[in-house]
Amino acid sequence: MTGPLSKKRIVLGVTGSIACYKSIDLASKFTQAGAEVDVILTDSATKFVTPLSFKSITHRQVVTNIFDINSELAVNHVALAEQADIFVIAPASANTIAKLANGLSDNALLTSVLATKSPIVIAPAMDANMFENAATQRNVATLMSDGMFIAGPAKGRLASGLTGLGRMVEPRDLVGVTEMVLGKNGDFSGKRIVVSAGGTQEAIDPVRTISNRSSGKMGYAIAEAARNRGATVTLVSAPTALPDLVGVRTIKIESALEMKEVLGEECNDAHSIIMAAAVADWRPVRTLKSKAKKSNKETWKINLTKNPDIIANIDSISSKESGNIVKVGFAAESENIIENSSAKISKKGLDFIVANDITAADSGFSVDTNKVTIIHADGTIEKLPLMSKYEVGNAILDRVKTGLDFK
Ligand code: PMT
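1. Comments concerning the side chain of Thr 369
Okay, so step 1: For Thr 369, the position within the fold is in strand β19 (residues 369-370).
Okay, so step 2: A polar atom in the side chain of Thr 369 sits 2.6 Å from the backbone oxygen of Asp 362.

Okay, here's the thing in structure tokens:
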């Protein structure tokens, strides 16, 4: 199974900051994602971490000194810069940011940056006062206007013990930023995609809800794939345990009615709505204001009323800006998968539906993989092999793209 960083050549620049220890984790995450990672450490960085730590993870040479004749990479640093798909400088100290803003090249990292045409991500890490300093702010603004992507810094506890803006963005989020920057001119650039995810929760009282087994993984994977192809993505998410996706505007809702309201707004200028959420078909007629007490009764009847069909009510000509919107539904089925799913296409006015067999252990709810059948409005049926949910997301986007070309 391949992901967005598979076979990408990443140059990871590490500069002097206590946050250096996090870049070991970042190098590991990049490597695990299938990237070839070449690390360049500045002198100051070697005071915090050793080249051996990175070499043990990336299994590649680590550059520290441009004049090291034993290091092939150091000698060929210009070739390294030319071959890179992306540079990520994390952590980026105030000193390195200042030098970058002025085009200095007095170490291996700066020289390579000057020699590259690849996109560059900068993750600042420093004391909050240093970051707020007028000179640093000026330098950061220069890097932005030079086209570099500034990730962070984040707010939180700093090495000084104080709390402020200066923490390096977490490695997991930097992986997301790297994927997003690599894909920013992708085939969905300029397109607005709305995705729904998770299982809605219908409140019985302030404590109890009616919900389902959706983890949100399918919807989040689609949103991630769309972001990595350059789309502007809005994710409308029912409660999940998943971390937020960087670069994806996420609107959190609980109930089907809330999801309906938000999607109604968001779909107005969208090119496609991909409805991966498992929406509760029913909700309690009334939500109790305080927690229902246990009584001596052995049974408890709750009156339910039907939720509106959200996707069916998103008008296929509601997209003001783009003309028609490509409507994609999902079908969670346990029997007669093709017949049941096909019936939903016309009922809900879909362009196509993605049917998953929720009885298979490696498909449907909660797992990281899915085996889906895509059924189109014209009756065409495509059975796809078992894939990661991210790959399923890309397969769906490929078909959305075809739909957009026709509309
Ligand atoms: O979140 P995961 O753990 O990764 O699991 C993924 C998933 C199994 C939830 C997902 O792949 C999936 O199948 N989602 C749709 C589940 C579902 O509700 O299917 P349905 O057959 O009940 O509904 C059909 C379509 O109509 C769906 O796109 C649904 O979002 C939509 N719908 C349903 C009811 C309703 N009131 N309004 C709707 O818009």
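2. Some details on the nonpolar core
Okay, so step 1: Ranked by size, the top nonpolar core spans 33 residues in total, and within it Ile 274, Ile 396 and Val 400 carry the most contacts.
Okay, so step 2: Broken down by secondary-structure element, the contributors of at least two residues to this core are β9 (192-197), α11 (217-227), β12 (232-237), β17 (326-333), β18 (352-357), β20 (372-376) and α14 (389-406).
Okay, so step 3: Take this core: its biggest share by element is 7 residues, from α14.
Okay, so step 4: If near-sequence neighbours (up to four positions away) are discounted, Ile 274 is found in contact with Ile 193, Val 194, Val 195, Ser 196, Ile 222, Val 328, Phe 330, Ile 396, Leu 397 and Val 400.
Okay, so step 5: Residues Cys 20, Ala 35, Phe 54 and Val 177 belong to the second largest nonpolar core, which totals 30 residues.

3. Topic: the domain arrangement of the protein
Okay, so step 1: Split by domain assignment, the protein resolves into domain 1 (9-182) and domain 2 (192-405).
Okay, so step 2: For domain 1 versus domain 2, the distance between C-alpha centres works out to 38 Å.
Okay, so step 3: Taken together, the contact between domain 1 and domain 2 spans 6 residues of the former and 7 residues of the latter.
Okay, so step 4: At the boundary of domain 1 with domain 2, total buried surface from both sides reaches about 530 Å², with 55% on carbon and sulfur atoms.
Okay, so step 5: Of all residues in domain 1, Arg 172, Glu 179 and Met 180 bury the most surface against domain 2, accounting for 72% of the area lost on that side.
Okay, so step 6: Our enumeration of links across domain 1 and domain 2 arrives at 1 salt bridge.
Okay, so step 7: Joining domain 1 to domain 2, the criterion identifies 2 residue pairs in polar contact (both at pLDDT 80 or more).
Okay, so step 8: A breakdown of the residues in the side of domain 1 that touches domain 2 according to their chemical character gives 2 nonpolar, 1 polar and 3 charged.

Thresholds, definitions, all that
Residues numbered from 1 in each chain as written. Predicted model: local features only at pLDDT ≥ 70, side-chain atom pairs only at ≥ 80, totals over all residues. Heavy atoms only, no water. Helix = DSSP H or I, 4+ residues; strand = E, 2+ residues; numbered from the N terminus. Polar contact = N/O pair within 3.5 Å; in protein donor to acceptor, adjacent residues only side chain to side chain. Core = buried A, V, L, I, M, F, W, Y, C linked by side-chain atoms within 4.5 Å. Buried < 20%, exposed > 50% of the residue type's maximum accessible area, 1.4 Å probe, protein only. Contact = heavy atoms within 4.5 Å. Domains from an automatic or database assignment. Buried area = accessible area lost by both parts, 1.4 Å probe. Salt bridge = Lys/Arg side-chain N within 4 Å of Asp/Glu carboxyl O. Nonpolar A, V, L, I, M, F, W, Y, C, P; charged D, E, K, R; others polar.

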